[in-house]
Every structure is written in structure tokens, then in C-alpha cells.
Amino acid sequence: MATISAKSILFPKISSSSSNSNVSSNRSSSSFLPSFKPTISLKASYSKSRSPLPCSAIKNGLDTVEAKEKSASSSGTKDATKETKPTILVSEKLGEAGIKVLESFANVDCSYNLTPEELCKKISNVDALIVRSGTKVSRQVFEASKGRLKVVGRAGVGIDNVDLQAATEFGCLVVNAPTANTVAAAEHGIALLSSMARNVAQSDASMKAGKWERNKYVGVSLVGKTLAIMGFGKVGSEVARRAKGLGMHIIAHDPYAPADRARALGVELVSFEKAITTADFISLHMPLTPTTSKVFNDETFGKMKKGVRIINVARGGVIDEDALVRALDSGVVAQAALDVFTVEPPPQDSKLVQHANVTVTPHLGASTKEAQEGVAIEIAEAVVGALNGELSATAVNAPMVPAEVLSELAPYVVLAEKLGKLAVQLVAGGSGIKSVKVVYKSARDRDDLDTRLLRAMIIKGIFEPISSNFINLVNADYTAKEKGVRISEERIVVDSSPEFPVDTVQVRIANVESKFASAMLDNGEICIEGKVKGGVPHLTCVGSFSVDVSIEGSLILCKQVDQPGMIGRVGSILGQRNVNVSFMSVGRIGVRKQAIMAIGVDEEPDKDTLKQIGDVPAIEEFVFLDL
């Protein structure tokens, strides 16, 4: 199998008659580092049942450009030279600095307020499209482009207005600009924190109503108070820097934040439970994922200190808004300051918005002149880089990969992602993941095994469940680097059939504690291993224990004393609670010694069921893993 070149994964570089050196200089000097945003599932992109990601459209686009180059060369006219440059359509207002970056590389058409019909009419004549949130880039737009559209750039974070599945099918890269507003969002969080603590909004409204209520609006001091930052990424870190300057004690919860980075900022990483139970103020900076959706609910609020104050400049959906109203009414939550809501704009009669102890703003986190200019530059550089054939770290859909590579690696792609998901669930929170090692055992020569896709899927499995980032071949390594995690690979040649690209894949995580001690090797690494059998991914090793279970549904791992009746006893507990067992495997180190029982289940057992399993005397430890 030939090694995939980086540029072939996107599309060939589009020629430009203008000097590219200026563009490169602009990109390298930008202070806005790229980040990511969730999109479609890779399963859809890499499924065997789907047609390969189309290369014909890209070839047609390249042929068109080459034809124009020849025409320009033969005519030598100014108009012909102009035609050799790509064309970029900007359909919504973009900062002037971003326009200048685009103009240094391409012909730029700024046409605002286009109707869907007008956009479809224009799109077949452009190589890239830049939008904000107001332009809907539908399947019809990609169909109307007839294969010429190579890049869609979203000037901002959200990409709900872009049909990502259609973009991938038509071979169009989608990029966004998620980092330029980091400082703006952090500043707005601090502004809400301070104004809430001192009742600025309420007292302002009171005075404008002709009142003078000094005693009513007595605030609270920030100095010496504990601020819990939930999500210690870019924005959370910047909030911490500023809150330290206000004399606050900062703690943070983020299972993937590097402990050394937190220490450098004077921040203590703690568990979710400790964060919400000890904080005086809680500032939310976590992404909205299935895991974090409504994570702040009646149960969560019930564990908080009475009189806690909450700030949210992240995503509205992480808070159960009805539960927050109840917490405010009961006095558990003294005040809230909110910039984001589950539905935007919220209903005019929203009890939360109208609550006397709530300060609200209309999603202003990124609304500064500087941030808007930064977004313009960031998206312009991302689009120009993509048109240049570069791998974009802000890509939010799957890159094009040769069909033969996808076909052969398809079952191993699934195995790699699931091993990543399993491995990270075995990590106990607190210390943070610093290094991940991937070991491939294969009979193939090093040059005949491109592991980038497998490595990307392992990174995806590890990070995506708790991240707003969509992780793929384009941005996987960058994501790991941004999170301070070193990914290393080792290849071991084994005597097996070279017909298969990989014999086994092993994932090791070092310098962490584990929720399941038996998954750790003697050197202190969490270690799991898997292989593909009959096209189905299997878990074959946990720590030093051999097992053999297909990786699907959910999994219960139990370390037990090897003795008769254990399978029946655990199976009976699950059966009595109507939990269906799909498979079961036992691996042991010796007769009547320790063993690991791996049980596949179709439904997630409730807490009582898991407790019953844990109460079985011969079971020394167990863990539930959700795939």
C-alpha cells in the first residue's frame, strides 16, 4: 500500500499568480492558534457501505484551473492572468483585515444578503465560500457548485448552517475560526462575574426607574472567594489568569487538562464533585456534548454550597434551565449571570431571563471589535491555506482519503476508536493524561503501513467524548498537542499474514491512576489491546489478562477470584434486572487464582445492579465502560 501524501488528502494546490510569500508570512505571524468544533460522526464518512469520498469533482476542478492557466499563458493579457487566481465568495460581512488576506491570494467577491437561489447561481463560479451564521450552505449549494467549490469557511465557531455530510460527499473541506474570540469570551466572563457580584445591572435599572436603593443592592466581595472553573481549556485558562488578579482562589475541573499547566497558573485541578461542593462562584467553560448536556441539574444544584453564584459564557445546554430557576427560587443559587441559553434568543416570557437574581446578555462573548477582526483573519488564513493544499487544523469534516486505504483499514478504524474510548474510561480523574503510546503488531513492512488514520481514530476515541472538537485525520495530532498530550507509536514485526494490515493494536496510557487497577501493567501503564476478527473489533487483552470479547454495546469488567459459579452468579444478577448479556469471556492467570470476566451488555445497568455485582464476595473490583 502506498503511503498517502498529506496534500493528496485535501486537494491539489490551486495556482495563483500573486506571490504566496506574503500570504505565508501573514499566516505565520498570526497569534490566533486553530482549534476545533464537533460535526458529523466519522462512521458515516468511513463506512464501507458509502461511496468513496469523491475525487472526480476535485480532478474536474483542477482540470478547469489548469485549462485557465494555459489560456492565460497563451494570451498574456491582464484578464487571463487574473483568471489563474482562485475566486472566493464572501457572503456576509467580514473584517477588513480578513479581506486583505484573501485579496493577496485570490479574486474576492463580496456579495452580501444573497437569497438561496442567488447563492446557488453564483456558487459554480467560485472555489471557496466564506459565511457567518446567516447563510445556509445546503446540499443544494454543493450540488449547484458542480464540483468546483473546494472550501467553505465559517467565520466563527458554530457550523450548524453548513451541511457537513453533503460537504464531505462532494469533496469540500469545511473550516471554522474558533480561537480568535478566546480573550473576548474570557473578558466577558469576568465582566459578568464582577457585575453580578455587585448587582450592577439591577441597580442600573433601579436608578433609571427613578429609585435610590443602596441597601437593596449590597453585593459580595470577590477577594478570597473560591472560583471553580468547569472546563480548563483556552477560555477557562484565560478566566483563571484574570480571576487570580482579583484575589480569588481558583480550582478547576477538567479530566484532560495537563496538571503542570494548571500548576503554572496557580490552579488546583479537582474532581467534579469537589468543584461544585466547595466553590463560592462557578464559571462554566465546557463544550456541549452528550456527556455535558444538562449536567447542571436538580441533583447537581442540590450538592452546591447555599448561596453559590454561577456564570455561563459557554453553551446554554449544559444547564437545565428549569432546574436553575428552582435553585434560584430556593436560594441554593444566589445569583446567575448568563450569556448563553438553550434556545437563542430565549422566549420573551422566560422565567430565567426575567428572574430578579439573574443578569443576562444576548450571547456577547465574542462581540468585541478586536475579536471580530481576529475571526476574519483566522478564517481567511484557514481558507487560503486550504486552497494552497495544506492540511487545515481547523477542518471540521473528514478529509479525502484514497478509497483503497479506507476499504482496507475500515474495520481497524472502528477498532482504534473503540480502544481509545475504552482506555480513557479506565483513567481516574485528577492527574491528567500526559502521554499515550500506540503499539502496532504487523507482518508488513514499515513503508507499507500508513497508521495516521488509526492514530487519529485513537485520539478521537480518547478526546472527543469530552470535547467540542470534531477530530479526524486533519486535526488529531494538533488536538493532542494542544491538550499537552504526547502521542507516540511503535511498530513490532510479527510472524502473521501480511494480507492483513495490522495484527493487533495496543493503547498504553502512562503516569495516570486507573479506575480498574487490573488494567495496569507492572510499569504503571494502563494497557488494553485489540484485534479484528472476521471484520469485527475484539478486545483481546486488559492489563496482563487475556480476554476475547467483541467491542460493541457496553462492557463490564470484573476482577475476581477464579472459582466455580461466578459466571452464573453475575449473569443471574443481570438477568434479574432485565439486562441482556450479549457475550462473556474470562481470562485468568492461573487455576483458582485471579481472573478478569468481561461481560458485554445491551443495556446500561442501573446503580443498584452494579452495586449488587460489586457486592459479590469473590469480585475484587469492577468497572462499567460505555461504548
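Conventions used here
- Residues numbered from 1 in each chain as written.
- Predicted model: local features only at pLDDT ≥ 70, side-chain atom pairs only at ≥ 80, totals over all residues.
- Heavy atoms only, no water.
- Helix = DSSP H or I, 4+ residues; strand = E, 2+ residues; numbered from the N terminus.
- Buried < 20%, exposed > 50% of the residue type's maximum accessible area, 1.4 Å probe, protein only.
- Contact = heavy atoms within 4.5 Å.
- Pairing = 2+ DSSP bridges.
- Axes fitted to C-alpha atoms, helices over the stretch in contact; angles between N-to-C directions.
- Patch = residues over 30% accessible without salt bridge, like charges linked within 9 Å, V, L, I, M, F, W, Y side chains within 5 Å.
- Areas by Shrake-Rupley, 256 points an atom, 1.4 Å probe, with all protein chains shown as cover.
- Salt bridge = Lys/Arg side-chain N within 4 Å of Asp/Glu carboxyl O.
- Lys, Arg positive; Asp, Glu negative; His and termini not counted.
- Charge placed at Lys NZ, Arg CZ, Asp CG, Glu CD.
- Expected span 1.5 Å × (residues − 1).
- Core = buried A, V, L, I, M, F, W, Y, C linked by side-chain atoms within 4.5 Å.
- Parallel < 35°, antiparallel > 145°, perpendicular 65-115°, else oblique.
- Left-handed = near helix turned anticlockwise from the far one by under 90°.
- Nonpolar A, V, L, I, M, F, W, Y, C, P; charged D, E, K, R; others polar.
- Phe/Tyr/Trp six-rings, centres within 6.5 Å; stacked < 30°, edge-to-face > 60°.

Draft legend 1. Seen up close, the overall build of the protein. Looking only at helices and strands, one finds 23 helices and 22 strands in the protein. For the protein, the residues scored as buried account for 54% of the 627 residues in total. Sequence-distant contacts, at least 24 apart, represent 70% of the contacts inside the protein between residues at least 6 apart.

Draft legend 2. Just the environment of V542, in detail. Within the fold, V542 resides in strand β17 (residues 536–542). The exposure class assigned to V542 is buried, which follows from its relative accessible area of 1%. Residues V542 and G530, 12 residues apart in the sequence, show an inter-C-alpha distance of 9.2 Å. The contact partners of V542, leaving out residues within four places of it in the chain, are F516, S518, A519, C527, V547, L557 and I596.

Draft legend 3. Just the sheet that holds strand β15 (residues 504–510), in detail. Pairing within the open sheet is mixed, and its 6 strands lie in the order β14-β13-β15-β16-β17-β18. Strands with a single pairing partner mark the edges of an open sheet, and in this sheet they are β14 (486–493) and β18 (545–550). On average, each strand axis in the sheet is tilted by 20° relative to the strand beside it, whichever way the strands run. Relative to β18, β17 runs antiparallel, the two sharing 4 bridges. Residue C541 lies in a different strand from β18, and its bridge partner there is S546. Along the sheet face, helix α20 (residues 452–463) touches β13 (435–442), β14 and β15 and points at about 140° away from the line of β13.

Draft legend 4. Local environment of a negative patch on the surface. Together, E96, E103, E187, E370 and E373 make up a region of like negative charge exposed at the surface. Mapped onto the negative patch, the elements with two or more residues apiece are α6 (96–103) and α18 (369–387). Turning to its location among the elements, E103 is positioned in helix α6. According to the relative accessible area criterion, E103 is partly exposed, its value standing at 44%.

Draft legend 5. Inspection of the pattern of salt bridges at higher detail. Per the stated rule, a full pass over the model turns up 24 salt bridges. A salt bridge links K274 to E268; the nearest nitrogen and oxygen atoms lie 3.4 Å apart. We classify K274 as partly exposed; its relative accessible area is 38%. The partner of D503 in a salt bridge is K531, with the nearest N and O atoms 3.5 Å apart. With a gap of 28 residues between them, D503 in the loop between β14 and β15 and K531 in strand β16 (residues 526–533) connect regions that are remote in the sequence. Classification of K531 as partly exposed rests on a relative accessible area of 23%.

Draft legend 6. Structural view of α20. Here α20 contains 12 residues, and its C-alpha end-to-end distance of 16 Å stays within 8% of the 16 Å for a straight helix at 1.5 Å per residue. Burial runs high along α20: 11 of the 12 residues are buried. The set of residues buried in α20 consists of L453, L454, R455, A456, M457, I458, I459, K460, G461, I462 and F463.

Draft legend 7. Structural context of the nonpolar core. I433, L539, L555 and L557 are the most contacted members of the largest nonpolar core, which totals 53 residues. Broken down by element, this core gets its largest block of residues, 10 residues, from helix α19 (residues 403–425).

Draft legend 8. Summary view of the packing of α6 against α18. Remark: α6 packs on α18, axes separated minimally by 7 Å, with the N-to-C direction vectors making an angle of 20°. Put simply, α6 runs roughly parallel to α18. Between α6 and α18 lies a crossing of right-handed hand. When α6 is examined against α18, the residues E96, A97, G98, V101 and L102 are found in contact with a partner set consisting of E373, A376, I377, A380, E381 and V384. Partitioned by chemical class, the residues of the contact of α6 with α18 number 7 nonpolar, 1 polar and 3 charged.

Draft legend 9. The arrangement of the packing of helix α10 (residues 182–197) against helix α12 (residues 234–245) in detail. Running from amino to carboxyl end, α10 crosses α12 at an angle of 50°, the nearest separation of the two axes being 8 Å. If you check the angle between α10 and α12, you find them oblique. α12 is crossed by α10, and the crossing has right-handed handedness. Contacts between α10 and α12 involve T182, V183, A185, A186, E187 and I190 on the former and, on the latter, K234, V235, E238, V239, R242 and A243. Tallied by class, residues from the contact of α10 with α12 come to 7 nonpolar, 1 polar and 4 charged.

Draft legend 10. Here's a closer look at unusual backbone geometry. Between E344 and the following residue, P345, the backbone shows a cis peptide bond with an omega angle of -5°. With respect to the secondary-structure elements, P345 resides in the loop between β11 (333–338) and α17 (351–354). Backbone geometry at K294 places phi at a positive 50°, although glycine is not the residue there. Along the chain, K294 turns up in the loop between β9 (281–284) and α15 (298–302). Classification of K294 by relative accessible area gives partly exposed; the value is 44%. Despite not being glycine, N578 has its phi angle at roughly 60°, a positive value.

Draft legend 11. Highlighting the packing of aromatic side chains. Summed over all chains, the structure comprises 3 aromatic pairs. Where F142 meets F170, the ring centres are 6.4 Å apart and the plane angle is 20°; that geometry is what we call stacked. Taken as a pair, F142 in helix α8 (residues 139–145) and F170 in the loop between α9 (164–169) and β5 (173–176) lie far apart in primary sequence, 28 residues in all. Relative accessible area serves as the criterion here: at 1%, F142 is assigned to the buried category. On the basis of relative accessibility, which here comes to 24%, the residue F170 falls in the partly exposed class.

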